[in-house]
Each structure stands twice: as C-alpha cells, then as structure tokens.
Amino acid sequence: EVELVESGGGSVQAGGSLRLSCAAALYTSKSERVGWFRQAPGKEREGVASMSLSGGRTYYADSVKGRFTISQDNAKSTVFLQMNSLKPEDTAMYYCAADYRPKAVFQSQALSFTNYNSWGQGTQVTVSS
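Residues numbered from 1 in each chain as written. Predicted model: local features only at pLDDT ≥ 70, side-chain atom pairs only at ≥ 80, totals over all residues. Heavy atoms only, no water.

1. Focus: the overall build of the protein chain
So, step 1. Check the secondary structure of the protein chain and you find one helix and eleven strands.
So, step 2. N-terminal to C-terminal, the α/β element order of the protein chain is β-β-β-β-β-β-β-β-β-α-β-β.
So, step 3. At 14 Å, the protein chain has a C-alpha radius of gyration in line with the 14 Å of a compact globule built from 129 residues.
So, step 4. Based on the C-alpha atoms only, the size of the protein chain along its principal axes is roughly 45 × 25 × 25 Å.
So, step 5. By residue count, 43% of the 129 residues in the protein chain fall in the buried class.
So, step 6. For the protein chain, contacts bridging at least 24 residues in sequence account for 59% of all contacts bridging at least 6.
So, step 7. When the accessible area of the protein chain is evaluated, it comes to approximately 6,700 Å², of which 46% is carbon and sulfur surface.
So, step 8. Positive and negative charge centroids in the protein chain, built from 13 and 11 side chains respectively, lie 6 Å apart. (Helix = DSSP H or I, 4+ residues; strand = E, 2+ residues; numbered from the N terminus. Rg over C-alpha atoms; globule rule 2.2 N^0.38 Å. Buried < 20%, exposed > 50% of the residue type's maximum accessible area, 1.4 Å probe, protein only. Contact = heavy atoms within 4.5 Å. Areas by Shrake-Rupley, 256 points an atom, 1.4 Å probe, with all protein chains shown as cover. Lys, Arg positive; Asp, Glu negative; His and termini not counted. Charge placed at Lys NZ, Arg CZ, Asp CG, Glu CD.)

Shown next as structure tokens:
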C-alpha cells in the first residue's frame, strides 16, 4: 500500500547537520503515521521519531529529543528528519516506516518498529568525531 524511499544520508563531522527525506507514495485514503528508525551494527532497530501525516502528536526518542525534528511538506508527499548537533552515536542506517497498525498511540508504540508494516531501504548516516 505504501512505497517509501529515503534519501539525504551522508558523512558529517560531529556537531554537523543532515536532513533526511522520505518520499511516500500512498495508495490508500487512510491517514498514515510515519516513523524514522535507525539501526547500528550489532544493535536492534530503534525508533527515533514519529508523527501522523495529519499533523498529530509527535514522539521522539530521549536520545535525540531537542536535536532531531520530524516534519512533512505541504503536499504531504515527503517526510523529513532534520538532524542537528549530530553525535558519533547517531551513526546508523536510517529507515522511514509507515502503515502503523495499533489503534491506540503511546510513545513506546509509536517508536516500536514492530508496529510498522511498510519500510524503505534505508539511508546511511555516518558521524565522525
């Protein structure tokens, strides 16, 4: 139902910024909650940020709160993740996800990869010291 394509990753120095983009092709009339996740080598996939395309509540992992911002364009065809003050521990493959299933929304649910059913291929973010 949803095709997702991430872009915008790259290599930056600590303290730098990147903006990731997620192009979303929606094939249903349902409102979509989308999320950004990341996975570093040897670690489990973790939720970074989540929002509803209708402008609902946003959620952020404690590790990125105040540094990362999730947003969307006016056409609601692209979801962004603005990443500022990047740290080496932010290094990971970043994924955009959609097709959120739970009816109730809690932070832990919105940031759990098991609750999403459509995934992009990922874009690599590398932050050096």
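After that view, the rundown keeps rolling.
2. Side note on the state of the cysteines
So, step 1. Taken as a whole, this structure holds one disulfide when the rule is applied.
So, step 2. Here Cys22 engages in a disulfide with Cys96; their sulfurs sit 2.1 Å apart. Of note, the bridge from Cys22 to Cys96 carries an S-S torsion of about -80 degrees and is left-handed in sense. Of this pair, Cys22 sits in strand E3 (residues 18–26) while Cys96 is found in strand E9 (residues 92–100), placing the two residues 74 residues apart along the sequence. (Disulfide = S-S within 2.5 Å.)

3. Let's talk about the side chain of Ser21
So, step 1. Assignment of secondary structure puts Ser21 in strand E3.
So, step 2. Leaving out residues up to four positions away in the same chain, Ser21 has contacts with Val5, Glu6, Ser7, Trp36, Thr78, Val79 and Phe80.

4. Quick look at the side chain of Ser50
So, step 1. The topology assignment puts Ser50 in strand E5 (residues 46–52).
So, step 2. Taking the relative accessible area as the measure of exposure, Ser50 reaches 0% and is therefore buried.
So, step 3. At a separation of 3.0 Å, a polar atom in the side chain of Ser50 contacts the side chain of Arg33.
So, step 4. Ignoring any residue separated from it by four or fewer positions in sequence, one finds Ser50 in contact with Arg33, Val34, Gly35, Arg57, Thr58, Tyr59, Ile70, Ala110, Leu111 and Tyr116. (Polar contact = N/O pair within 3.5 Å; in protein donor to acceptor, adjacent residues only side chain to side chain.)

5. Considering the pattern of salt bridges
So, step 1. Tallied over the entire structure, the rule returns four salt bridges.
So, step 2. In this structure, Glu46 engages Arg38 in a salt bridge whose closest nitrogen and oxygen atoms are separated by 2.8 Å.
So, step 3. The closest approach of N and O atoms between Lys65 and Asp62, which form a salt bridge, is 3.8 Å.
So, step 4. Look at Asp62 and you get exposed, because its relative accessible area is 65%.
So, step 5. Each of Arg38, Glu46, Arg67 and Asp90 takes part in one network of salt bridges that share partners. (Salt bridge = Lys/Arg side-chain N within 4 Å of Asp/Glu carboxyl O.)

6. Description of the nonpolar core
So, step 1. Formed by 29 residues in total, the largest nonpolar core has its most connected members in Trp36, Val48, Phe68, Ile70, Leu81, Met83 and Tyr94.
So, step 2. Those elements giving two or more residues to this core turn out to be strand E1 (2–7), E3, strand E4 (33–39), E5, strand E7 (68–72), strand E8 (78–83), E9 and strand E11 (123–128).
So, step 3. Other than its neighbours up to four places away in sequence, Phe68 contacts Arg38, Val48, Tyr60, Leu81, Gln82, Met83, Asn84, Leu86, Asp90 and Tyr94.
So, step 4. Membership of the second largest hydrophobic core comes to seven residues, among which are Ala97, Tyr100, Ala110 and Leu111. (Core = buried A, V, L, I, M, F, W, Y, C linked by side-chain atoms within 4.5 Å.)

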